[in-house]
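Coordinates in review
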Amino acid sequence: MVASAHDPSRLLSAIIDSSDDAIISKNLNSIITSWNKGAEKIFGYTAQEAIGQPVTILIPEDRADEEPSILSRIRRGERIDHYETVRRTKDGRLLDISLTVSPIRDEHGTIIGASKIARDITEQRLIQNKLRESEEQYRVTLASIGDGVIATDEQGGVTFMNAVAETLTGWKKEEALGKPLEAIFCIVNEFTRAPVENPVAIVLRKGVVVGMANHTMLIARDGTERPIADSGAPIRETGNGTLRGVVLVFRDVTESRIAEMATQRLAAVIESSDDAIISKNLDGIITSWNKGAESILGYSSSEAVGKPITLLIPPERRSEEREIMAKLRTGERIQHFDTVRVTKNGKEIDVSLTISPIKDLSGQITGASKIMRDISERKQIERDLREAKQQLQTRAEDLENKVRERTARLQEMVTELETFSYSVSHDLRAPIRAIQQYADILAEDYGDKLDDQGRAYLKRITSSTTRLDALIRDVLTYSRVVRSDVRFEPVDTERLVREIVEQYPNFQAPHAEIEIESPLLPITGHEAFLTQCLSNLIGNAVKFIAPGQTPHVRISTERRGGMVRIYVQDNGIGIDPRDLDRIFGMFERSAPEQKYEGTGIGLSIVRKAVERMNGKLGVESELGKGSLFWIELTGAEVK
Amino acid sequence: MRPILLVEDNKDDVLFIKRAMEKAGIVNPLHVASDGKEAIEYLEKIIADSSMAGHPLPALVLLDLQLPCVRGMDVLKWIREQAALRTLIVIIHSSSHLDIDIAEAYRLGANSFLVKAPASAELTRMMKLIKEYWLELNASASDEAGKSV
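Below is a summary of the structure that appears in this document. Note that the coordinates shown come from a computational prediction; the quantities given were computed from them, not determined experimentally.

Right, let's get into the overall build of chain A. On a plain count of helices and strands, chain A comes out with 18 helices and 23 strands. By the burial criterion, 39% of the 639 residues in chain A qualify as buried. Partitioning the intrachain contacts of chain A with sequence separation of at least 6 by distance along the chain shows that 52% fall at a separation of at least 24. Element-wise, carbon and sulfur atoms account for 54% of the exposed surface of chain A, whose accessible area totals about 36,600 Å².

Before going further, it helps to examine the sheet that holds strand E10 (residues 225-236) of chain A. Residues and elements named next belong to chain A. Sheet architecture is open: six strands sit in the order E7-E6-E11-E10-E9-E8, paired in antiparallel fashion. Each of the sheet's edge strands pairs with one partner strand only, and the pair in question is strand E7 (158-161) and strand E8 (186-189). Across this sheet, the average inter-strand angle for adjacent strands is 35°, counted without regard to direction.

Many authors give the size of an interface as the accessible area that is lost as the parts come together. With 21 residues of chain B in contact, the opposing surface of chain A contributes 16 residues. Overall, the association of chain B and chain A removes approximately 1,600 Å² of surface from exposure, summing both partners, and the carbon and sulfur fraction of that is 48%. The tally of links between chain B and chain A comes to five salt bridges. Residues Arg433 of chain A and Asp13 of chain B are paired through a salt bridge, measuring 3.1 Å at the closest nitrogen-oxygen approach. Applying the counting rule to chain B against chain A returns seven residue pairs in polar contact (both at pLDDT 80 or more). In terms of residues, the side of chain B that touches chain A owes the most to one element, helix H1 (residues 11-24) of chain B, which gives six residues. The residue makeup of the side of chain B that touches chain A, split by class, is eight nonpolar, six polar and seven charged.

All names here are of chain A. Of note, the amide linkage connecting Ala509 to Pro510 takes the cis form, showing an omega dihedral of 5°. Locating Pro510 in the fold gives a position in the loop between helix H16 (493-503) and strand E18 (513-516). Residue Pro519 is reached from Ser518 by a cis peptide bond, and omega for that bond is -10°. Along the chain, the position of Pro519 falls in the loop between E18 and strand E19 (523-525). The backbone phi angle of Ser30 is positive, close to 65°, even though this residue is not glycine. Not every positive phi belongs to a glycine, and His82 is a case in point at roughly 45°. Considering the arrangement of structural elements, one finds His82 in strand E3 (residues 80-88). Using a relative accessible area of 59% as the deciding quantity, one classes His82 as exposed.

Residue and element names in this part refer to chain B. In contact at an axis separation of 8 Å, H1 and helix H5 (residues 120-137) are set at 60° when each is read in the N-to-C sense. For the element pair H1 / H5, the angle class is oblique. In terms of crossing hand, the pair formed by H1 and H5 is right-handed. On the side of H1, the interface is formed by Phe16, Ile17, Arg19, Ala20, Met21, Lys23 and Ala24, while H5 contributes Ser120, Leu123, Thr124, Met127, Lys128 and Lys131. Considering only residue class, the contact of H1 with H5 consists of seven nonpolar, two polar and four charged.

Take the pairing of E10 of chain A next. Residues and elements named next belong to chain A. Taken together, the four bridges between strand E9 (residues 216-219) and E10 define a ladder with antiparallel strand orientation. Counterpart to Leu218 in the pairing with E10 is Arg226. Hairpin connection between E9 and E10: a loop of five residues separates the two successive antiparallel strands, and Gly223 in this loop has a positive phi of roughly 95°. Sheet topology places E10 next to strand E11 (residues 243-252); nine bridges connect them, and they run antiparallel. Within E11, the residue paired with Ala229 across the bridge is Arg251. Counting the residues between successive antiparallel strands, the hairpin from E10 to E11 contains six residues, one of them, Gly239, with a positive phi of roughly 95°.

Rules behind the numbers
Residues numbered from 1 in each chain as written. Chains lettered and ligands numbered in written order. Predicted model: local features only at pLDDT ≥ 70, side-chain atom pairs only at ≥ 80, totals over all residues. Heavy atoms only, no water. Helix = DSSP H or I, 4+ residues; strand = E, 2+ residues; numbered from the N terminus. Buried < 20%, exposed > 50% of the residue type's maximum accessible area, 1.4 Å probe, protein only. Contact = heavy atoms within 4.5 Å. Areas by Shrake-Rupley, 256 points an atom, 1.4 Å probe, with all protein chains shown as cover. Pairing = 2+ DSSP bridges. Axes fitted to C-alpha atoms, helices over the stretch in contact; angles between N-to-C directions. Buried area = accessible area lost by both parts, 1.4 Å probe. Salt bridge = Lys/Arg side-chain N within 4 Å of Asp/Glu carboxyl O. Polar contact = N/O pair within 3.5 Å; in protein donor to acceptor, adjacent residues only side chain to side chain. Nonpolar A, V, L, I, M, F, W, Y, C, P; charged D, E, K, R; others polar. Parallel < 35°, antiparallel > 145°, perpendicular 65-115°, else oblique. Left-handed = near helix turned anticlockwise from the far one by under 90°.

Spelled out as structure tokens, the structure:
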């Protein structure tokens, strides 16, 4: 305000005097030159008392330096607006003052003093302080709320945000202030990821409170995503209700979402389980019933819930329920209890039950959860398996019986064969013996009544019967070698050979010379078989000798690895090389029959006996130079 | 003179044995039983009529094994089961030379086992030996001793 001291206008004077503000003028020496009623009221000095006094009477000592700086600014022609400071009244009170100081110029424009308009703002200050305090209180309150709070002005610019909001958005309050809310509070739909309209925008548009929105995902400054629940409310001016901004409150629901999802997942698991999952209270009343229960037991959830669990228990198993409940009350869990339950249509099914007590937060047992698995199929498989096993056993028994039968039949056949051999031996040989003896008797008692021709015929009868008897005996021996059980035991070859030689007079001098190359190595075999082999071989060796010669037989052994070869070497007539291959065959003879008696079975018996003792045999021979027969059998430890 | 009991079903063998015994000089009366049943009946009768002087126990029994009806082994077994016949001399005369038969015969209490000879000269020799050994040399238990056991 520019005033002129030389303008004596009454109006102006009246305005000045009627102002509540103190309107004071001073010269450049800081001497007060005018003083209105307002000044008198505020500072306590009358115009008379004040005019002519230095203005410093109003300035507290600690602010004494203000006046020179104000003066120097005035001298430069500057105006000072609403300069808030403190001044002192006549009675020494300090007042909050708002000063507006303007230079006063003369008609030439020279600055000659200053006018001051001082307003007492003590009360205003007080109110302001109170307001600030209250504001601070709200601020602290908002800051300390567990939820995020962001306030905006009516344009949607951020005016406030608390610490939680800072954390959740990743924005510092200082950075966020004044920015549009969309920049700070970026939200998308949790599932579609489509941007969601900001609640502030809705509030600004509709002017109403917007409630918690579901499935909202807040994307923080660093990209972190958090499910949140948010709401917005309008801030209205007191009195006229003008919309001044919006307050947004939001909360991180990650934790509760996890819990919720877990619950949902659990519910899904229960619903999708093939097992029946049923809960009941301690009175045995069904309290929940899943899809599995529905499909296994036939009752729908609405049919089953509220009904006693005994609905599912066959009458003869009712006592089970009491035992189960008694166990549950002790907190015990029942695992894989196989039993039988009844479905809605009365069918009994095999089930496996696992029952656990349900406890409330205080640990009190309030009921039980039952997991029931339909094991009809398993039981059926078990039954099938048992049946199959039974069948298998029956079959095995059948088989055993068959084996027994066959063995018995085989045994019978063997017995029959033995009986047959026995009767061959007895019944066949008896008539031969009779023929022989009748021939003998004829020769003895009636020989002198026959001529030479007759006696020759009798001799032919005798030699034929002798040969037939030998043949039968050899066939029997052969068949015995074929079918006897073979026992393997160590055999003292040398002892055996000596016994054989002792037993047959024609193996001894002067009929033959048998040379034993001691010690003969022992073998493992069947002694009776080996006896048969060696007596046959030695028998052949002494038999097939050129007329006039004495048989010379040499018996020796040789170790060949784990085997022992027994050699029987003679000085006999030898074997035609053409016959070597077939001499071990049945009824095969090499030597001419008329010269050498024999059945042609002896070597077959040897071959069969050696084969049955898992051995080998062979012969080396040259006509006129004798033969070397050998048999090779498993060796034995020398006793 | 105590008889000899020949248990033999083969008529030829009976003939040969009779002839060989004659040749060997055995003069004991020969009673021939042509099967096991007959032999047992004969012996049973002797036991029953033992007081009668006309039926003394045989000096020995020549027993074939292959017999119709009751087998030789069963006859032997029966004989040894009779208290009166426990010491009766029983000689097996068989065409079998099987170890199993020989062992079984001795187990059942045979006194000797002879394999039937293939030629008449050998049979005659066998009978001579029987005469010399069993009828002359060997001291057998008396009837009374036999019965008292």
